[in-house]
Amino acid sequence: AAACGEPLADRGLWTPSKPNTCSIPGSTRRTTRLPGNASRRHGSRVTPLEIRPIDVRGSSDLDAFLSATAETERAEDPAARLFARADAVSILGSEDRAFFCVGHGAFVDGRVVGASLVSGSHRDNLTLAQVQVWVPPRHRSRGVGTALADHAEARLSRDGRSTVSTQIRTGPGLEHNRAFAESRGYRAGLTEVERRLPLPVDEVRFGHLAAEAAAHH
């Protein structure tokens, strides 16, 4: 169930991650407290985690959003394609009413420790939406991803979206991605296998690859 208490009827799990590069400021803001030992204390005060829209008019917000997504992506795949700043700026400020694409940051003491993106269409597939969450490794296991996912799913549920999909990477060393998605009720829908072969290719190596592939033709 989503955080607002309205269960999403279906959730799709898509792999690997190829994040949408659009985001526009939303109107929702949420403050929560990180659970257990995730909370940061200053004397007797517990620092809250604030989730709010990314302000595209301020470069500091955009820089922090792009930094969080880049750190997360590169930690999983050093060659990952990242948000292009010019494209992000263009789409972040889009006034196209045919779609929505809203980016949020999770802030602790004014610093971004995670980011999320929700997107969908206002023209068709009105019950569908996509969610993406990024939490850099150094900020994980403190409830940041859960808070961002709760916030995103609650917004979509309030907006009448009943089917939500996401994209993750899976494979050796990335088991936590699938475990997190499945713990929230997502199920596998489509798996995409990506293989890379640096050029130029040694002839012997090429022959081995061709022989391996021939068995599947």
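Residues numbered from 1 in each chain as written. Predicted model: local features only at pLDDT ≥ 70, side-chain atom pairs only at ≥ 80, totals over all residues. Heavy atoms only, no water.

A. Local environment of the overall build of the protein chain. Broken down by element type, the protein chain carries 5 helices and 10 strands. Expressed as a percentage of its 217 residues, the buried residues of the protein chain come to 42%. The contacts of the protein chain with a sequence gap of at least 6 include a subset with a gap of at least 24, amounting to 70%. (Helix = DSSP H or I, 4+ residues; strand = E, 2+ residues; numbered from the N terminus. Buried < 20%, exposed > 50% of the residue type's maximum accessible area, 1.4 Å probe, protein only. Contact = heavy atoms within 4.5 Å.)

B. Summary view of helix α1 (residues 59–76). Compared with an ideal rise of 1.5 Å per residue, which puts 18 residues at 26 Å, α1 spans 26 Å between its outermost C-alpha atoms and is within 8% of the ideal. Along α1, the residues that are buried comprise Asp61, Leu62, Phe65, Leu66, Ala68, Thr69, Thr72, Glu73 and Glu76. One side of α1 carries all its buried residues, which in axial view fall inside an arc of 155°. (Expected span 1.5 Å × (residues − 1). Arc of directions from axis to C-beta.)

C. Quick peek at the nonpolar core. By size, the foremost hydrophobic cluster in this structure holds 13 residues, and its most contacted members are Phe65, Leu66, Phe83, Ala115 and Trp134. Every element with two or more residues in this core is listed here: α1, β6 (99–108) and β7 (111–121). Grouped together as the second largest cluster of nonpolar side chains are 10 residues, Ala129, Leu156, Val164 and Tyr186 included. (Core = buried A, V, L, I, M, F, W, Y, C linked by side-chain atoms within 4.5 Å.)

D. Region of the structure containing the confidence of the model for the protein chain. When pLDDT is averaged across the protein chain, the result is 80; 78% of the residues are at 70 or more. For the stretch residues 1–7, pLDDT sits under 50, and the model shows 16 contacts to residues farther than four places along the chain or on other chains. Segment residues 35–46 is flagged for pLDDT under 50; beyond a separation of four residues in sequence, or across chains, it makes 17 contacts in the model. (pLDDT = per-residue confidence, 0-100.)

E. Local environment of the environment of Glu71. Here Glu71 shows up in helix α1. As a C-alpha pair, Glu71 and Gly114 span 43 residues in sequence and 9.9 Å in three-dimensional space. Contact partners of Glu71, with chain neighbours within four places excluded, come to Pro136, Pro137 and Arg138. Among the polar contacts made by the side chain of Glu71, one reaches the side chain of Arg138 at a distance of 2.7 Å. (Polar contact = N/O pair within 3.5 Å; in protein donor to acceptor, adjacent residues only side chain to side chain.)

F. Main features of the side chain of Ser116. In this structure, Ser116 sits in strand β7. Here Ser116 is in contact with Phe65, Val102, Gly103, His104, Gln132, Val133, Trp134 and Leu148, once residues within four sequence places are set aside.

G. Region of the structure containing the pattern of salt bridges. Applying the stated rule across the entire model yields 12 salt bridges. Two residues, Arg196 and Asp77, come together in a salt bridge whose shortest N-O distance is 2.6 Å. Placement of Arg196 in the loop between β10 (187–191) and α5 (203–214) and of Asp77 in the loop between α1 and α2 (85–92) is noted, with a sequence separation of 119 residues between them. Within this structure, Glu73, Glu76, Arg140 and Arg169 form a network of salt bridges that share partners. (Salt bridge = Lys/Arg side-chain N within 4 Å of Asp/Glu carboxyl O.)

H. Representation of the pairing of strand β8 (residues 128–134) within the structure. One ladder, built from 5 bridges, connects β7 with β8; its direction is antiparallel. Its bridge partner lying in β8, Leu117 is registered against Gln132. The antiparallel pairing of β7 with β8 creates a hairpin that spans 6 residues between the two strands, and Asn125 there sits at a positive phi of about 50°. As defined by bridge partners, β8 adjoins strand β9 (residues 163–167) across 3 bridges and the pair is classed as parallel. Residue pairing across strands places Ala129 opposite Val164, the latter belonging to β9. The parallel pair β8 and β9 is bridged by helix α3 (residues 144–158), and the resulting crossover is right-handed. (Pairing = 2+ DSSP bridges. Right-handed = clockwise from strand over helix to strand, strands pointing away.)

I. Structural detail: α3. The end-to-end C-alpha distance of α3 is 21 Å, a good match for the 21 Å that 15 residues give at a rise of 1.5 Å each. Burial of α3 is extensive: 13 of the 15 residues sit out of reach of the surface. Downstream of α3 by one or two residues, Gly160 has phi in the positive range, about 90°.

J. Region of the structure containing the pairing of strand β5 (residues 49–53). Taken across its 5 residues, β5 has 4 buried, putting it largely inside the fold. In this structure, β5 lies alongside β6, joined through 4 bridges in antiparallel fashion. By the bridge assignment, Ile51 is partnered in β6 with Ala106.

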